[in-house]
Amino acid sequence: MLIKMANGTYIFGAKMGDKNFDKIYIYNHFLQSTLDLAKKAKESIMLAMDYCKRIKTKFNPFNNNLNDDEYKCYYYLENALYRLEMLWDSLAQLYNLYAETNLDIDKIYYKNLFKNLYENKQDLFNVIEIFNYIFEEASKDETNIDVVFINMFTA
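About the criteria used
Residues numbered from 1 in each chain as written. Predicted model: local features only at pLDDT ≥ 70, side-chain atom pairs only at ≥ 80, totals over all residues. Heavy atoms only, no water. Phe/Tyr/Trp six-rings, centres within 6.5 Å; stacked < 30°, edge-to-face > 60°. Helix = DSSP H or I, 4+ residues; strand = E, 2+ residues; numbered from the N terminus. Buried < 20%, exposed > 50% of the residue type's maximum accessible area, 1.4 Å probe, protein only. pLDDT = per-residue confidence, 0-100. Contact = heavy atoms within 4.5 Å. Salt bridge = Lys/Arg side-chain N within 4 Å of Asp/Glu carboxyl O. Core = buried A, V, L, I, M, F, W, Y, C linked by side-chain atoms within 4.5 Å.

**Considerations on the packing of aromatic side chains**
A complete count under the given rule lists nine aromatic pairs for this structure. Between Y71 and Y75, the aromatic rings sit 6.2 Å apart at their centres with planes inclined by 20 degrees, giving stacked as the arrangement. Highlighted residues: Y71 and Y75, both in helix α2 (residues 68–98), separated by four residues, approximately one helical turn. Exposure remark for Y71: the relative accessible area of 47% places this residue in the partly exposed category. Residue classification places Y75 among the partly exposed residues on the basis of a relative accessible area of 40%. Their ring planes at 20 degrees and their centres at 5.8 Å tell us that W88 and Y133 sit as a pair that is stacked.

Below you can see the structure in the form of structure tokens.
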């Protein structure tokens, strides 16, 4: 319910248990969490790049004696990768709500969800594009992200 005030503002009111209100609240929660997570992932990527550029030694995966720059480079890379995976899970949670698949929140795996949506609900917003992105075959002509990371440490 909206109540218009004299100064051009509104008072918003809703009762708990209203299905639409509950949906809006849940969407808002996931959207706010996702925005926060995306900001932190970007920050981790930027910090990782900064520390990785400072490394002057050749990459050695068996070296356990990391200097401070190496340690922070690896830490922020790992942090960014973890957060990116969480972003995919957040997107899957939003699509679970949006598509009304009613899957248990603990049973949602983004690859499975988008494969299922691609097979059964292609008319949903961006499902085909998301599916194609997740399951695309890497071209032999394209630079593989693993190669980029390896070259970053061996250059």
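Further notes follow.
**Re the confidence of the model for the protein**
The pLDDT averaged across the protein works out to 83; a share of 80% of its residues lies at or above 70. Averaged over each element, pLDDT in the protein is lowest for helix α5 (residues 145–154) (47) and highest for helix α3 (residues 110–120) (96). The low-confidence segment residues 147–155, where pLDDT is below 50, has twelve contacts with residues more than four positions distant or belonging to other chains.

**With respect to the pattern of salt bridges**
For side chains bearing opposite charge, pairing can occur when the charged atoms are close. Applying the stated criterion to the full structure yields five salt bridges. In this structure, D50 and R54 form a salt bridge, with 2.7 Å as the shortest nitrogen-oxygen distance. Here D50 and its partner R54 are both found in helix α1 (residues 19–54), four residues apart, which amounts to about one turn of the helix. Note that R54 and D69 form a salt bridge whose closest N and O atoms lie 3.6 Å from each other. Of this pair, R54 sits in helix α1 while D69 sits in helix α2; the two residues are 15 residues apart in sequence, bridging distant segments of the chain. Through salt bridges with shared partners, a single network forms among D50, R54 and D69.

**Observations concerning the nonpolar core**
Here is a general trend for soluble globular proteins: nonpolar side chains tend to be buried in one another's company. Counting residues in each nonpolar core, the largest one holds twelve residues, listed as A92, Y95, A99, I108, Y110, L113, F114, L117, L124, V127, I130 and I134. Secondary structure elements with two or more residues in this core: α2, α3 and α4 (127–135). Counting residues per element, this core draws most heavily on α3, at four residues. Core analysis: the second largest hydrophobic core is formed by six residues, A48, I55, C73 and L77 among them.

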